[in-house]
Amino acid sequence: MSGADVDSESADPVMERGPYAPSERRLAREAYRRSRTRRSALIATASTVAVAAVLFLVVTGSPGWPVTQKTFLSPHYAREALSPVLHGFVLNLELLAVCGPTILVLGLLIAAARTLRGPVFLPLRLLATAYVDFFRGFPLIILLLLIVFGVPALQLQGVTNDPIVLGGTALVINYSAYVAEVYRAGIESVHPSQRAAARSLGLTYTQTMRFVVLPQAIRRVVPALVNDMASLQKDTGLVYVGGAIDAVAAAHIMVASSFNYTPLVVAGLGFVILTIPMTRYADWLTRRTDRRRAQGGIV
Amino acid sequence: MTATDPVLRFESVRKAFGEQVILDDVSLEVPEHSVTVLIGASGSGKSTLLRCANLLEEIDDGAIWLDGEDITDPRVDADAVRRRIGVVFQAYNLFPHLNVLDNITLGPRRVHRVPRAEAERGALELLDRLGLAAKAKEYPDRLSGGQQQRVALVRAIVSEPRVLLLDEITAALDPELVTEVLSVVRDLKEQGRTMVLATHEMAFARDVADQVCFLADGVILERGTSAQVFGDPQHERTRRFLSRLSEAGRL
Ligand SMILES: Nc1ncnc2c1ncn2[C@@H]1O[C@H](COP(=O)(O)OP(=O)(O)O)[C@@H](O)[C@H]1O
Ligand SMILES: [Mg+2]
């Protein structure tokens, strides 16, 4: 039984109403709202400027400032660092472009394996659980060192010694454990009634996951995944421990010869600049999801 | 209408979503201790009108008055207004992570600062009256639709709101359960609560309404006692709406 089976018909003009003109009341309300908006913008600007000014004075007024400025914020070294650091960033981006998608797919497979039901899948489920438990707890830097230096030491036939490939592998192993857990949280947040509804249509377990549960689950966790990708993007900088020349390594080399730390600051800011679009993208996605779920409204 | 001031008053309310004008010029008075029933085709703006009254939507023009206060003035505290209005939604909207008792006492405890023991005593009393005392510790997902909706009604009235807004609260229920929910609404009317409800249950509307309003084209096209509107509709549109309903066996 539905209360919505009485459809509306094309309107016949029952009474003639003149064209709408905003009332005095509406105009007054809008003027009031505008003035409130202006006021909050003014307050926000003033407080930001005040905080920035205080910070600036405190930092530049500190006794060690002139020396610190020279060692960490030297324009000369910054200019010199720009080219090699940018060059190094290409490697970071390549790593992100290859490892990111791999992690997203692998994580999903692991999460799906963890949710499989039935005794047949027990070994797979146990394996996936053990994988996640182990690699989520294992420090990334140790994993990197073990793989980058341990694998070549094994002297296996046909296995690469390339520190970039090995470093990327370590990132994939570590991050896919994290990402699998994000997916799993999403899968478990889908209400059981959804599974019931899908199974009642005759969909199999796999079809239910594929067409009903995962689409909802993934939509919910996209912001968390973007967050993980932003974090991965920074951690690509860790491959320098194996000798790969990325942005961090490039900066480090310059620091070693000049004892000026400005190149590292430049590299650090580079990572921030690269991460910002991703963070904004995640924010935008969250807002869009909110809008779609809300019935409209202002609360 | 009574000589006293209405509890809720809509004055030339206008609400548009983008280009689409949903409410064009709606004026309506809801006197104290009376039941106003909104009828109209699906999409005619009944829900929107109720959501505007609860300040879930911002109206574009006109005003809504609660106890003589213009609640659509941008200066009013919307939370304070909502404290005086009880709402029940079509989809119950119970909080799935809280049991029945906690669903009901959340408002009293967190908003009205009633001590837990006292809030729970009041809630249990109301639940008992609706035959739901045994479900106090259950979680919403384990209740039937009718039970969930009755819990939602308790949640809405437990803080003694000035007016209750009920939006098609039986639309998701099967007929058996409709009766049990509507009998609660009838009891609430007996207790003299002021209510505005949107419904497609015409038999019930006819029975319980002090005032029936037919919403179409963004205005209240026809308004009167249930005898007037159901017995002798003045407008062609109303007549057609009602005859379609009776064809569908809903009158
Ligand atoms: N948030 C929204 N954004 C855009 N259109 C909306 C929104 N909410 C409701 N509407 C539209 O407003 C109209 C009236 O909806 P509603 O008030 O729910 O009608 P009723 O409750 O009478 O069936 C519908 O055409 C609906 O599509
Ligand atoms: Mg509705």
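Note that this is a predicted model, so its numbers are computed, not measured.

Rules behind the numbers
Residues numbered from 1 in each chain as written. Chains lettered and ligands numbered in written order. Predicted model: local features only at pLDDT ≥ 70, side-chain atom pairs only at ≥ 80, totals over all residues. Heavy atoms only, no water. Phe/Tyr/Trp six-rings, centres within 6.5 Å; stacked < 30°, edge-to-face > 60°. Helix = DSSP H or I, 4+ residues; strand = E, 2+ residues; numbered from the N terminus. Buried < 20%, exposed > 50% of the residue type's maximum accessible area, 1.4 Å probe, protein only. Lys NZ or Arg CZ within 6 Å of the ring centre and 35° of its normal. Pairing = 2+ DSSP bridges. Domains from an automatic or database assignment. Axes fitted to C-alpha atoms, helices over the stretch in contact; angles between N-to-C directions. Contact = heavy atoms within 4.5 Å. Parallel < 35°, antiparallel > 145°, perpendicular 65-115°, else oblique. Nonpolar A, V, L, I, M, F, W, Y, C, P; charged D, E, K, R; others polar. pLDDT = per-residue confidence, 0-100.

A. Expanded view of the packing of aromatic side chains. Inspection of the entire model under this criterion finds 8 aromatic pairs over all chains. Aromatic side chains Tyr175(A) and Tyr178(A) sit 6.4 Å apart centroid to centroid with 50° between the ring planes, which places their arrangement in the tilted category. Of this pair, Tyr175(A) and Tyr178(A) both sit in helix α6 (residues 163-189), separated by 3 residues, roughly a single helical turn. We classify Tyr175(A) as buried; its relative accessible area is 5%. We classify Tyr178(A) as partly exposed; its relative accessible area is 39%. Both rings, one in Tyr281(A) and one in Trp284(A), keep their centres 6.3 Å apart while their planes meet at 20°; by these two values the pair is stacked. Here Tyr281(A) pairs with Trp284(A), and both are found in helix α10 (residues 262-293), just 3 residues apart, close to one helical turn. Through a chain of ring-to-ring contacts, three or more aromatic side chains come together here, namely Tyr131(A), Phe134(A), Phe135(A) and Phe138(A). Just above the ring of Tyr32(A) sits the side chain of Arg75(B); from NZ or CZ to the centre is 4.1 Å. Across from the ring centre of Phe95(B), 4.6 Å away, lies the NZ or CZ of Arg155(B), which sits over that ring.

B. View of the pairing of strand β10 (residues 219-224) of chain B. Residue and element names in this part refer to chain B. Counting buried positions along β10 gives 5 out of 6 residues, so the element sits mostly inside the fold. The pairing of strand β9 (residues 211-216) with β10 spans 5 bridges and is classified as antiparallel. Paired with Cys213 across the two strands is Arg223, which belongs to β10. Hairpin connection between β9 and β10: a loop of 2 residues separates the two successive antiparallel strands, and Asp217 in this loop has a positive phi of roughly 55°.

C. Molecular detail of the domain arrangement of chain A. According to the domain assignment, chain A contains domain 1 (3-58) and domain 2 (78-287). Each of domain 1 of chain A and domain 2 of chain A has a C-alpha centre, and these two points are 42 Å apart.

D. Region of the structure containing the sheet that holds β10(B). Residues and elements named next belong to chain B. Taken together, 6 strands build an open sheet; the order of strands is β6-β7-β8-β3-β9-β10 and the sheet is mixed. At either margin of the open sheet sits one strand with a lone partner, and together these are β6 (85-88) and β10. For this sheet, the mean inter-axis angle between neighbouring strands, taken without regard to orientation, is 20°. Pairing geometry for β6 and strand β7 (residues 163-167), over 4 bridges, is parallel. Bridging across to β7, Val87 finds its partner in Leu165.

E. Looking closely at the sheet that holds strand β2 (residues 20-30) of chain B. In spatial order, the strands read β2-β1-β4-β5 (chain B); together these 4 strands make up an open sheet with antiparallel pairing. Taken across any chain shown, the strands that pair with only one partner, and hence form the sheet edges, are β2 and β5 (69-70) of chain B. Across the sheet, helix α1 (residues 24-61) of chain A touches β1 (8-17), β4 (61-66) and β5 of chain B, and the angle it forms with β4(B) is around 85°. Taken strand by strand, helix α1 (residues 46-53) of chain B contacts β1, β2 and β4 of chain B, and its axis lies near 115° from that of β1(B).

F. Layout of the side chain of Asn54(B). Within the element layout of this structure, Asn54(B) appears in the loop between α1 and β4. Looking at Asn54(B), the relative accessible area reads 7%, which means it is buried.

G. A look at the packing of helix α8 (residues 205-235) of chain A against α10(A). Residues and elements named next belong to chain A. At a closest axis distance of 9 Å, the pairing of α8 and α10 adopts a crossing angle of 175°. The angle between α8 and α10 falls in the class roughly antiparallel. For the pair formed by α8 and α10, the contact residues are Arg220, Val222, Pro223, Val226, Met229, Ala230, Gln233 and Lys234 on the first element and Phe271, Leu274, Thr275, Met278, Tyr281, Ala282, Leu285, Thr286 and Arg293 on the second. Tallied by class, the residues present in the contact of α8 with α10 amount to 11 nonpolar, 3 polar and 3 charged.

H. Representation of the confidence of the model for chain B in the model. For chain B, mean pLDDT is 92; residues scoring 70 or higher make up 98% of the total. Complex prediction metrics read pTM 0.79 and ipTM 0.81.

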